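Structural features, examined
The chain contents come next:
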Amino acid sequence: MKQNMGSADRIIRTILALAIVVLYLTGQITGTAAIVLGIVAVIFLLTSSIGFCPAYYPLKISTKKRQD
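Conventions adopted
- Residues numbered from 1 in each chain as written.
- Predicted model: local features only at pLDDT ≥ 70, side-chain atom pairs only at ≥ 80, totals over all residues.
- Heavy atoms only, no water.
- Core = buried A, V, L, I, M, F, W, Y, C linked by side-chain atoms within 4.5 Å.
- Buried < 20%, exposed > 50% of the residue type's maximum accessible area, 1.4 Å probe, protein only.
- Helix = DSSP H or I, 4+ residues; strand = E, 2+ residues; numbered from the N terminus.
- Expected span 1.5 Å × (residues − 1).
- Arc of directions from axis to C-beta.
- Contact = heavy atoms within 4.5 Å.
- 1 Å grid on protein atoms, 1.4 Å probe; cavity = no way out; pocket = protein on both sides within 12 Å on 5 of 7 lines; lining within 4 Å.
- Points joined across faces, edges and corners; volume = space filled by probe spheres on them.
- Nonpolar A, V, L, I, M, F, W, Y, C, P; charged D, E, K, R; others polar.
- Patch = residues over 30% accessible without salt bridge, like charges linked within 9 Å, V, L, I, M, F, W, Y side chains within 5 Å.
- Areas by Shrake-Rupley, 256 points an atom, 1.4 Å probe, with all protein chains shown as cover.
- Salt bridge = Lys/Arg side-chain N within 4 Å of Asp/Glu carboxyl O.

The subject of this paragraph is the nonpolar core. Formed by Ala 17, Ile 20, Ile 29, Ala 34 and Ala 41, the largest nonpolar core amounts to five residues. Sorting the residues of this core by element identifies α1 (7-25) and α2 (31-50) as the ones contributing at least two each.

Okay, structure coming up:
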């Protein structure tokens, strides 16, 4: 599994996931929205921690800087 996410992409995903967690803990999101956004937050944290996004792979997208 070759990494295809750059550092900026990983940081943005982590910030978004943390924002979702904060919204949930403060009671701003509840019910179905909380469940769906919670799943998105977990996916964002997992993909940013390993540096690989499965959705990028079939589209041949990479946000990682190329090293010469």
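As a further point, take α1. Given a rise of 1.5 Å per residue, 19 residues ought to cover 27 Å, and the 27 Å separating the end C-alpha atoms of α1 matches this to within 8%. Here α1 has its buried residues at Asp 9, Arg 13, Ala 17 and Ile 20. Within α1, the buried residues cover an arc of 65° as seen down the axis, which keeps them to one side. Seen from the buried face of α1, the exposed residues on the opposite side, beyond 90 degrees, are Ser 7, Ala 8, Ile 11, Ile 12, Ile 15 and Leu 25. Residues of α1 that are buried make contact with α2 and α3 (56-59).

For the rest of this paragraph, the subject is the layout of surface pockets. Size it by volume and the largest pocket reaches roughly 390 Å³. Lining the largest pocket are Lys 2, Gln 3, Asn 4, Phe 52, Tyr 56, Tyr 57, Lys 60, Ile 61, Ser 62, Lys 64, Lys 65 and Arg 66. Across the lining of the largest pocket, the residue classes tally to four nonpolar, three polar and five charged.

A contiguous nonpolar patch, built from Val 21, Tyr 24 and Leu 25 and spanning about 330 Å² of accessible area, is present on the exposed surface. By the element assignment, Val 21 lies in helix α1. On the accessibility criterion, Val 21 (36% relative accessible area) is partly exposed.

It is worth stressing that arrangement in space is one thing and function is another; only the former is reported here.
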